[in-house]
Amino acid sequence: MQTFRPDNGKLSAEEKLNLLVEFGARMSGELRLDKLLDIIAQQITKLLNVGRCTIYLKDVEKNELWSKIAQGHGLEHTEIRVPLNGSGIISIVARTGETVNLPNAYEDPRFSMDVDMVTDFRTHSMLACPLKNNSGKVLGVFQVANKSDGTPFDKNDEGILMLLATLAGSAIEIAKLYQDVHVAQLETIYRLAVTAEYRDQQDTRAHLKNISIISYLLALALGMSKKDAELIKNASPLHDIGKVALADNILLKPGKLTPEEFEIMKSHTVYGGRILEGAHSKVLKIAHKMSLYHHEKWNGSGYPKGLKEEEIPIEARIVTVADVFDALCVFRVYKKAWPTDEAYEYILKESGHSFDPRCVAAFKKIYPSVRKLYAHISVNQPQNKTAPAKENKLS
């Protein structure tokens, strides 16, 4: 499709329609806010043929405008924040909902040179347009600077930017709502995970963070896409959700479990599977596999079903390595902490036995990063240099 560059003259009705269709097509289907803003900024930079385009969004809670998307020299993916009640152009446009056009930015007292001072970019002319939703509420501001032909922005440019802002407003609002729902889902998952882990962890936050990071790095090292790795990262904290069904006298017992007690302990995998069974979201479907199968072993000696090798879902094989490593490295009421390198050697030794050899090979690749993650563990933490005396309660 032809791209129109409104350097001279006004666009015809047909050209405006084509412009809307092209711009809308590039935004359609993109629900990730950062990615959507990047696409919009790229298209505006191209269509108006400008040196820089910056998109600011309102942060109502902080009473600020923020931007991580700035297409143009010197500002790529740099976060900018300005007060909503400030005296600068962006703040004025956001408050009034009116477009501001500066033919010579440095001659206008409302223009702030702060951004130019930390980049190699010098603003000559600038056009700022309010970004509104369908009901007219201001969501943020579109700002463009420096037309490529060196001329100031004219009424035609203002009209085009307002047209694009109108189309983009709805897409951005939908993406923000989607992001809010996504954040709420992840927060719910995290709080459910804390509920399960709280009773037998000294530092629940650190444990969940470590499991998530290691699982994410393992997924990437195994060749998974960043999107799939993110799903695994977000699902991994729920691997032990079934612990909510266990009594304290089992979960917190400082000594080794009796055979009968161990059978009860093993049931947390089944309970976890039941809790998450039938989930519809992708992240909870993965969490279901993790919670049910994270104690299965590559050689078939695990539980609850005695699965082996490729019968075990890859998501469970990944979180198993992450979970056991973290369990070895940190103190719990029923075990001392292992030195990080000795826990690493244990993971390597169990390749082909407890763990998928591919996952162990991936763990070897990421271990330098993992080792840094555990550098904060206190040297005074009780440690154990022997094999795990209570392996049946490692995780």
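Keep in mind it's a predicted model, so treat the numbers as computed, not measured.

> Please explain the overall build of the chain as it appears in this structure.
Counting its regular elements, the chain contains 14 helices and 6 strands. The buried share among the 395 residues of the chain stands at 50%. Nonlocal contacts in the chain, meaning residues at least 24 apart in sequence, comprise 61% of its contacts between residues at least 6 apart. As displayed, the chain offers around 19,100 Å² of accessible surface, 53% of which is attributable to carbon and sulfur atoms.

> Any chance you could explain the side chain of Ser291 here in plain terms?
Tracing the sequence through the fold places Ser291 in helix α11 (residues 282-293). Of the residues examined, Ser291 reaches a relative accessible area of 0% and is grouped as buried. There is a polar contact of 3.0 Å between the side chain of Ser291 and the backbone oxygen of His288. Residues contacting Ser291, with those up to four places away along its chain left out, are Leu238, His239, Ile241, Thr269, Gly272, Gly273 and Leu276.

> Even after reading the chapter, I still don't get the packing of α11 against helix α12 (residues 314-329), so can you show me in this structure?
The axes of two packed helices give the description: the angle between them and the distance between them. Where α11 meets α12, the closest approach of the two axes is 8 Å, and the angle between their N-to-C directions is 60°. In terms of orientation, α11 and α12 fall into the oblique class. Considering how the two elements wind past one another, α11 and α12 form a crossing that is right-handed. Here Ile286, Lys289, Met290 and Tyr293 of α11 come into contact with α12, specifically with Glu315, Ala316, Val319 and Thr320. Each residue belonging to the contact of α11 with α12 can be placed in one class, and the counts come to 5 nonpolar, 1 polar and 2 charged.

> Looking at this model, I keep getting lost on the pattern of salt bridges. Mind explaining?
Any two side chains of opposite charge can pair, on the condition that their charged atoms come close. The final tally for this structure, using the stated rule, is 11 salt bridges. One salt bridge in this structure joins Glu64 and Arg81, with 2.8 Å as the shortest N-O distance. Taken together, the residues Glu64 in strand β2 (residues 64-72) and Arg81 in strand β3 (residues 80-83) connect sequence positions 17 residues apart. Linking Lys289 and Glu315 is a salt bridge whose minimum nitrogen-to-oxygen distance equals 3.7 Å. Remark: Glu315 occurs in helix α12 and Lys289 occurs in helix α11; sequence separation between them is 26 residues. The exposure class of Glu315 is buried, given its relative accessible area of 12%. Taken together, the shared-partner salt bridges in this structure form one network comprising Asp59, Glu64 and Arg81.

> Any chance you could explain the packing of aromatic side chains here in plain terms?
The geometry of an aromatic ring pair comes down to the distance between the two centres and the angle between the two planes. In total, this model carries 9 aromatic pairs according to the counting rule given. An angle of 45° between the planes, with centres 5.4 Å apart, marks the rings of Tyr106 and Phe111 as tilted. Judged by its relative accessible area of 28%, Tyr106 falls in the partly exposed class. Between Arg52 and the ring centre of Phe121, over which it is positioned, the NZ or CZ distance is 3.8 Å. A cation sits over an aromatic face here: Lys233 above Tyr216, 5.4 Å from the ring centre.

Calculation criteria
- Residues numbered from 1 in each chain as written.
- Predicted model: local features only at pLDDT ≥ 70, side-chain atom pairs only at ≥ 80, totals over all residues.
- Heavy atoms only, no water.
- Helix = DSSP H or I, 4+ residues; strand = E, 2+ residues; numbered from the N terminus.
- Buried < 20%, exposed > 50% of the residue type's maximum accessible area, 1.4 Å probe, protein only.
- Contact = heavy atoms within 4.5 Å.
- Areas by Shrake-Rupley, 256 points an atom, 1.4 Å probe, with all protein chains shown as cover.
- Polar contact = N/O pair within 3.5 Å; in protein donor to acceptor, adjacent residues only side chain to side chain.
- Axes fitted to C-alpha atoms, helices over the stretch in contact; angles between N-to-C directions.
- Parallel < 35°, antiparallel > 145°, perpendicular 65-115°, else oblique.
- Left-handed = near helix turned anticlockwise from the far one by under 90°.
- Nonpolar A, V, L, I, M, F, W, Y, C, P; charged D, E, K, R; others polar.
- Salt bridge = Lys/Arg side-chain N within 4 Å of Asp/Glu carboxyl O.
- Phe/Tyr/Trp six-rings, centres within 6.5 Å; stacked < 30°, edge-to-face > 60°.
- Lys NZ or Arg CZ within 6 Å of the ring centre and 35° of its normal.

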